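Each chain is listed here by its residues.
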Amino acid sequence: MKLKSLLSIGPVVGAALFVAGLAPVQAQEKEFSESHIDAARQVVTATKALSSFDDILPLLAEQTRTLFIQSDPSRTQEVVDVSTEVALKLAPRRADLNRIIYEVWARRFSEEELLQLADFYRTPLGTKLAETGPSITALAIGAARQWQDTISTEMVALVREELDKRAAQ
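Residues numbered from 1 in each chain as written. Predicted model: local features only at pLDDT ≥ 70, side-chain atom pairs only at ≥ 80, totals over all residues. Heavy atoms only, no water.

Whenever I open this one, the packing of aromatic side chains confuses me. Can you help?
Aromatic ring pairs are described here by two measures, namely the spacing of the ring centres and the angle between the planes. A full pass over the atoms with the stated rule returns two aromatic pairs. Each ring, one from W105 and one from F109, has its centre 5.7 Å from the other, and the planes form 25°; the classification is stacked. A ring pair is formed by F120 and Y121, whose centres lie 5.1 Å apart and whose planes are at 70°; its orientation type is edge-to-face. By relative accessible area, Y121 is classed as buried at 16%. (Phe/Tyr/Trp six-rings, centres within 6.5 Å; stacked < 30°, edge-to-face > 60°. Buried < 20%, exposed > 50% of the residue type's maximum accessible area, 1.4 Å probe, protein only.)

Right under this line is the structure:
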């Protein structure tokens, strides 16, 4: 599945599934032993990797509400009630996403490696990494964007300066 196809099903869900590695999982079906999946589950749990997907269903429910309310505002309360009911009915399907995430990890790490990772993430340092990792990543992305903006501005100025020099010759 291409990124554009994933994003067409909703930007939040499409991006989440792309990040989760759903496209490679679908393309490379492979059976894993339950112990291998359990090792992946241990790492995913220890790293709190599933929490980034907790908002998918609520966001989809909100997008759905907005869609239906825009087309018939007179049924707002009914749309809210029905979309909430449907979201609650779909909530158990979250286990499907969890399994896909476990398989993403299982595909990339052997069972032995996953057990080693799980052991690491149970240590104080591993716990600290799991807790601070998302904020460190966000800060690193922010720093990279800031650097990119600075370099972009500098590049445009330097190219303009060089072009002006050449035009004056």
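Additional details are given in the paragraphs that follow.
Explain unusual backbone geometry here, please?
Trans peptide bonds make up most of the peptide bonds, and negative phi angles are found at most residues other than glycine. Look at K48: it is not a glycine, yet its phi comes out positive at around 60°. Here K48 lies in the loop between α4 (34–47) and α5 (56–71). (Helix = DSSP H or I, 4+ residues; strand = E, 2+ residues; numbered from the N terminus.)

It is not clear to me how the side chain of Q42 should be interpreted in this structure. Could you clarify?
With respect to the helices and strands, the residue Q42 is situated in helix α4. The contacts of Q42, once residues within four sequence positions are left out, are L115, A118 and R122. (Contact = heavy atoms within 4.5 Å.)

Sorry if this is basic, but what is going on with helix α7 (residues 94–108) here?
Helical geometry note: an α-helix holds 3.6 residues per turn, so side chains three or four residues apart project in the same direction. Given a rise of 1.5 Å per residue, 15 residues ought to cover 21 Å, and the 22 Å separating the end C-alpha atoms of α7 matches this to within 8%. Here α7 has its buried residues at L97, N98, I101, Y102, E103, V104, A106 and R107. (Expected span 1.5 Å × (residues − 1).)

Would you mind showing me how to read a nonpolar patch on the surface here?
Taken together, W147, I151, M155, V159 and L163 make up a surface patch of nonpolar side chains, about 520 Å² in accessible area. The topology assignment puts I151 in helix α9 (residues 124–168). (Patch = residues over 30% accessible without salt bridge, like charges linked within 9 Å, V, L, I, M, F, W, Y side chains within 5 Å. Areas by Shrake-Rupley, 256 points an atom, 1.4 Å probe, with all protein chains shown as cover. Salt bridge = Lys/Arg side-chain N within 4 Å of Asp/Glu carboxyl O.)

Just checking my understanding: could you explain the confidence of the model for the protein chain for this structure?
Atom-level detail of predicted coordinates should not be read off regions where pLDDT is low. Averaged over every residue, the pLDDT of the protein chain is 87; residues scoring 70 or more account for 83%. Scored below 50 in pLDDT, residues 1–27 shows 32 contacts in the model against residues more than four places distant or in partner chains. (pLDDT = per-residue confidence, 0-100.)

Honestly, the nonpolar core in this entry has me stumped. Any pointers?
Counting residues in each nonpolar core, the largest one holds 15 residues, and the members touching the most others are I101 and Y102. Among the elements of the structure, α4, α7 and α8 (111–121) are those that each provide at least two residues to this core. Ranked by residues supplied to this core, first place goes to α4 with five residues. (Core = buried A, V, L, I, M, F, W, Y, C linked by side-chain atoms within 4.5 Å.)

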